[in-house]
Amino acid sequence: MSNIVNVGGASASDERPTVTRRPGVWREVWRDDMGRTGLITLGAVLFIILVGPIIFPFQSQSFGTSSASILQAPTASHWMGTTELGQDVLRQFLVGGRISLYVGVMATLIAIVLGAGLGLVSGYYAGWRDTVLMRVTDFFLVLPTLPLIIVLAALFGQSILITSLVIGLTSWPQTARIIRSQVLSLRERPLVLRVRSLGASDLRIMGKHILPNVAPLIFANLVLVLSGSILAQAALAFLGLGDPVQVSWGTMLHNAFNSGAMSEGAWWYVLTPGVGIVVMVLAFSLVGHSLDRVLNPLRRGGR
Amino acid sequence: MSLLEINDLSIDYKLSKGVLRAVDHVSLCVELGDSVGIVGESGCGKTTLGLAVPMLLPENATVSGGSIVLDGQQIVGLDEAEISRLRWTSVAFVFQGAMNALNPVQRVDRQILEAIRTHEPETSKQDAYARVLELFNLVGISPSRAKSYPHEFSGGMRQRAMIAMSLACRPSLLIADEPTTALDVISQAQILTLLSELRHREGLSLIMISHDLAAIKRVCDRIVVMYAGVVVESGPTEHVLGRGGGPNAALHPYTKALIRAHPDLRGERVLEEGLQGHPPDLSEPISGCRFADRCPEVMDICRTQTPPAVTLSPGHIAACHLARKDPQ
């Protein structure tokens, strides 16, 4: 057999990350009509939210000075009209999108870390730990989420941090269930026995060998939880449980509703944040479903 | 002194309906440089016996008796830390089904590297990686393919990679569980050749678990036939299975049935009837010979008395009443 080649050079490049996603996942999402629509929409929404406020900075103090500037229809100086306080709707919309996204992302991170972590532990250890954790999960799963969020938000306050926490702490059970079921099947593979025979600790087996194998599932779930969280935040804010200082799209809807914008015919005030929420949630859902279709082994066959 | 001595080993599985004895008073001896094949049908205790040597038994399995002495050291009763020092360095296991034993999202070189680094933390990363490439060479995979993912390998290459990994810490004993299952015949032949080569070149001792008599015949010097948790016959492979398609000296009716179930390419064209029935339920006590219900040569004594192991010729042992000079 041939001599050893390239011994020295080979170890130089072995610092590359061990975990890489299956190549071509995004390309497949892009090839999917649903995925492409989602990606384009999402790109547009993120661009508007992230770049918009830099171009059109919003000052919450810039109230209108005359009654004429209140609930003004779109004009050249106020492209999307004004609020009941004479503020520019477009500028508030651009900044509000950031708050909606921020709460959505925070809540999702909490939910995914909790859900994936508990799912991993539950599925890996199985036995009594699994039983206990899954009964807890079932409990959270059957709780009517929105009323619970409302009660919790009313109890603990209305800052965006609290809102994120409350939403995050109520949206993890589904993820936990999905991850657990996958881990249950992974742990029976000879792979786990092999690595354990090496003397690897449970933590290492879970982190290095099981987690990377469920990573695609976690990722697809993350996007779906994200759209749910944005929607939950909007619902909370609309009900008046949002942070009154940090105006989000939900808060805008709340203000519009309370100031009688609906009956005044101030459609610009209602439509702007409303469409924003719908489009952002839709974009995340489309991408999430498409990712799920690409990554979920159960659904992959049917394409 | 033998490399591996298994004496009177019994292994029980705790099940919800009771206790199942998967391995029942089995004795087995592997000399240095020896290769032993264990055959038998599914569920006869082959894999359990194999897993017991590196103590990789499932949680519900316990060694209820006997001893395993590896390289002069008693393994039964060692704690986990002591066992894990022996694993991979003294005895390595090639797991059944290479695809499932490799991590699909980790590069193969990384996985072998992990095996070396976990066991020899003092080895530098460079040295360890050099050994990974050496191992790839050893099993006949070009080191340029080292940075591949398992799914980029063919079935045969994956099995080679598994063998490479098992050799990572230079074990003296290799236990290969069905190393050729699920491979095409060409890859099977290549893997078997590789195992034979490694054995001679690296001075490795080998236990090969298989239900493929042809594979065992090709690689192993000695054959051990297991049925329902007991060894029914063991002896030199050529002697028991017959030389070059010639007559065999197999005595136990079960061994004979196994050989008959495996038609010889060069032999007469006969369609043999398979062995009817199933192995007995091991969670119930069995009186007499375990094979009695399926045995074509069953006698009265088989139903009542457990057949003792009888030495027929040097190294050839069978546990059957037929082996006794004076049956009844």
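Please set out the overall build of chain B residue by residue, giving values where relevant.
Summing up its helical and strand segments, chain B has 11 helices and 12 strands in all. Taking 20 Å as the expected radius of gyration for a compact globule of 328 residues, we find that chain B reaches 21 Å, a close match to that expectation. By principal-axis analysis of the C-alpha atoms, chain B measures approximately 70 × 50 × 40 Å. Counting across all 328 residues of chain B, residues that qualify as buried make up 46%. If you take every contact in chain B between residues at least 6 apart in sequence, the share linking residues at least 24 apart comes to 62%.

Describe helix 8 (residues 173–186) of chain A, and please don't skip the residues or the numbers.
With 14 residues, helix 8 of chain A extends 20 Å between its outermost C-alpha atoms, agreeing within 8% with the 20 Å of an ideal straight helix rising 1.5 Å per residue. Looking at helix 8 of chain A, one finds that the buried residues are Pro173, Thr175, Ala176, Ile179, Arg180, Gln182, Val183 and Leu186 of chain A.

An account of helix 6 (residues 145–156) of chain A is needed here, citing residue identities and associated values.
Three or four residues apart is the spacing at which side chains of an α-helix point the same way, because the helix has 3.6 residues per turn. Under the 1.5 Å per step criterion, the end-to-end length of helix 6 of chain A is 16 Å for 12 residues, consistent within 8% with the ideal 16 Å. Once helix 6 of chain A finishes, Gly157 of chain A follows within two positions and takes phi at roughly 105°, a positive value.

Explain the sheet that holds strand 7 (residues 173–177) of chain B to me, and be specific about the residues and the numbers.
Hydrogen bonds between backbone atoms are what pair the strands of a sheet, whose relative direction is either parallel or antiparallel. Residues and elements named next belong to chain B. If you trace the eight strands from one edge of the open sheet to the other, you get 6-7-8-3-9-10-12-11, paired in mixed fashion. The outermost strands of the open sheet, each flanked by one partner alone, are strand 6 (91–94) and strand 11 (309–313). For this sheet, the mean inter-axis angle between neighbouring strands, taken without regard to orientation, is 20°. Alignment of strand 9 (residues 222–227) against strand 10 (residues 230–236), held across six bridges, turns out to be antiparallel. By the bridge assignment, Val225 is partnered in strand 10 with Glu233. Seen against the sheet, helix 10 (residues 253–260) touches strand 3 (35–39), strand 9 and strand 10 and runs at an angle of roughly 105° to strand 9.

Could you give an account of the nonpolar core, with specific residues and numbers?
Residue and element names in this part refer to chain B. Core analysis: the biggest nonpolar cluster contains 104 residues, and Ile112, Ala164, Val225 and Val232 have the highest contact counts within it. It is helix 5 (residues 125–138) that contributes the most residues to this core, seven residues altogether. Here this core spans two domains, since at least three of its residues come from each of domain 1 (4–79 + 173–190 + 199–323) and domain 2 (101–170). Apart from the residues within four sequence positions on either side, Ile112 is in contact with Val132, Leu135, Ala164, Met165 and Ala168.

So what's going on with the sheet that holds strand 1 (residues 4–15) of chain B? Which residues, and what values?
All names here are of chain B. Taking strand neighbours across the sheet as the criterion, the four strands line up as 2-1-4-5 in an open arrangement whose pairing is antiparallel. This sheet does not close on itself; its edge strands, each paired only once, are strand 2 (18–30) and strand 5 (73–74). One ladder, built from two bridges, connects strand 4 (residues 61–70) with strand 5; its direction is antiparallel. Counterpart to Val69 in the pairing with strand 5 is Gln74.

Lay out the environment of Val219 of chain B with the relevant residues and their values.
Residue and element names in this part refer to chain B. Within the element layout of this structure, Val219 appears in helix 8 (residues 213–219). Val219 sits 27 residues away from Leu192 along the chain, and the two C-alpha atoms are 6.5 Å apart. Setting aside residues up to four positions removed in sequence, Val219 forms contacts with Ser35, Gly37, Leu192, Leu195, Ser196 and Met208.

Lay out the confidence of the model for chain A with the relevant residues and their values.
Close reading of the predicted structure is inappropriate where its pLDDT is low. Residue and element names in this part refer to chain A. Of the residues in chain A, 83% reach a pLDDT of 70 or more, and the chain-wide mean stands at 79. Taken element by element, the predicted model of chain A shows its lowest mean pLDDT in helix 1 (residues 7–12) (36) and its highest in helix 8 (90). Residue range residues 1–21 is modelled with pLDDT below 50. Its contacts to residues more than four positions away, or to other chains, number 23 contacts.

Requested: an account of the confidence of the model for chain B, with residues and values cited.
Per-residue confidence for chain B averages 87 on the pLDDT scale, and 94% of its residues sit at or above 70. Predicted as a complex, the structure gets a pTM of 0.76 and an ipTM equal to 0.78.

I'd like a description of the domain arrangement of chain B, backed by residues and values.
Frequently, the measure chosen for interface size is the accessible area removed from exposure when the parts meet. Residues and elements named next belong to chain B. For chain B, the assigned domains are domain 1 (4–79 + 173–190 + 199–323) and domain 2 (101–170). If you average the C-alpha positions of domain 1 and of domain 2, the two centres end up 31 Å apart. Each side of the interface is counted separately: domain 1 has six residues, and domain 2 has four residues. Its residues placed into classes, the side of domain 1 that touches domain 2 shows four nonpolar, two polar and no charged.

So what about the pairing of strand 9 of chain B? Which residues, and what values?
Residues and elements named next belong to chain B. Burial analysis of strand 9 places six of its six residues in the buried class, which makes it a mostly covered element. Side chains Arg222, Val224 and Met226 of strand 9 all project onto a buried face; the interleaved residues Ile223, Val225 and Tyr227 project onto the opposite face, where all are buried too. Strand direction decides the pairing type here: strand 3 and strand 9, joined by four bridges, are parallel. Counted as the bridge partner of Val36 is Arg222 from strand 9. Hairpin geometry of strand 9 and strand 10 is characterised by an intervening segment of two residues between the two adjacent antiparallel strands and by a positive phi of about 50° at Ala228.

Which residues make up the pairing of strand 4 of chain B, and what are the values?
Residues and elements named next belong to chain B. As defined by bridge partners, strand 1 adjoins strand 4 across eight bridges and the pair is classed as antiparallel. Note on strand 4: the bridge partner recorded for Tyr13 is Ala61. Hairpin connection, strand 4 to strand 5: the antiparallel pair is bridged by two residues, and Asp71 has positive phi, about 55°.

An account of unusual backbone geometry is requested, with residue identities and associated values reported.
Residues and elements named next belong to chain B. The backbone of His25 sits at a positive phi, close to 50°, despite the residue not being glycine. With respect to the element layout, His25 can be found in strand 2. Of note, the phi angle at Trp88 is positive, near 75°, even though the residue is not glycine. Tracing the backbone through its elements, the reader meets Trp88 in the loop between helix 2 (80–86) and strand 6.

Any details on the environment of Ala215 of chain A? Residues and values, ideally.
Residues and elements named next belong to chain A. Position of Ala215 relative to the elements: it lies in helix 10 (residues 202–241). By the C-beta count within 10 Å, which is 17 here, Ala215 ends up partly exposed. The sequence separation of Ala215 and Asn255 amounts to 40 residues, and the corresponding C-alpha distance is 40 Å.

A description of the packing of helix 4 (residues 89–125) of chain A against helix 10 of chain A should follow, citing residues and the corresponding values.
Residues and elements named next belong to chain A. Running from N to C, helix 4 and helix 10 point in directions that differ by 145°, and their axes come no closer than 7 Å. The interaxial crossing formed by helix 4 with helix 10 has right-handed handedness. For the pair helix 4 and helix 10, contact is made by Ser100, Val103, Gly104, Val105, Ala107, Thr108, Ala111, Ile112, Ala116, Leu120 and Tyr124 and by Met206, Ile210, Leu211, Ile218, Asn221, Leu222, Val225, Leu226, Ser229, Ile230, Gln233 and Ala234, respectively. Considered class by class, the residues forming the contact of helix 4 with helix 10 number 17 nonpolar, six polar and no charged.

So what's going on with the environment of Ala249 of chain B? Residues and values would help.
All names here are of chain B. Along the chain, Ala249 falls in the loop between helix 9 (237–241) and helix 10. As a C-alpha pair, Ala249 and Gly235 span 14 residues in sequence and 9.6 Å in three-dimensional space. Residues within four places of Ala249 in sequence aside, it is in contact with His239, Val240 and His316.

Describe in detail the packing of helix 11 (residues 249–258) of chain A against helix 13 (residues 267–295) of chain A, supporting the description with residues and values.
Residues and elements named next belong to chain A. Where helix 11 meets helix 13, the axes come as close as 9 Å, and the angle between the chain directions of the two elements is 150°. Relative to helix 13, helix 11 is oriented roughly antiparallel. The element helix 11 and its partner helix 13 pack so that their crossing is left-handed. Counting all contacts with helix 11, which are made through Trp249, Met252, Leu253 and Ala256, the residues of helix 13 involved are Tyr269, Val270, Pro273, Gly274, Gly276 and Ile277. Tallied by class, residues from the contact of helix 11 with helix 13 come to eight nonpolar, two polar and no charged.

Thresholds, definitions, all that
- Residues numbered from 1 in each chain as written.
- Chains lettered and ligands numbered in written order.
- Predicted model: local features only at pLDDT ≥ 70, side-chain atom pairs only at ≥ 80, totals over all residues.
- Helix = DSSP H or I, 4+ residues; strand = E, 2+ residues; numbered from the N terminus.
- Rg over C-alpha atoms; globule rule 2.2 N^0.38 Å.
- Buried ≥ 20, exposed ≤ 12 C-beta atoms within 10 Å, placed from the backbone.
- Contact = placed C-beta atoms within 7 Å.
- Expected span 1.5 Å × (residues − 1).
- Pairing = 2+ DSSP bridges.
- Axes fitted to C-alpha atoms, helices over the stretch in contact; angles between N-to-C directions.
- Core = buried A, V, L, I, M, F, W, Y, C linked by C-beta atoms within 7 Å.
- Domains from an automatic or database assignment.
- pLDDT = per-residue confidence, 0-100.
- Nonpolar A, V, L, I, M, F, W, Y, C, P; charged D, E, K, R; others polar.
- Left-handed = near helix turned anticlockwise from the far one by under 90°.
- Parallel < 35°, antiparallel > 145°, perpendicular 65-115°, else oblique.

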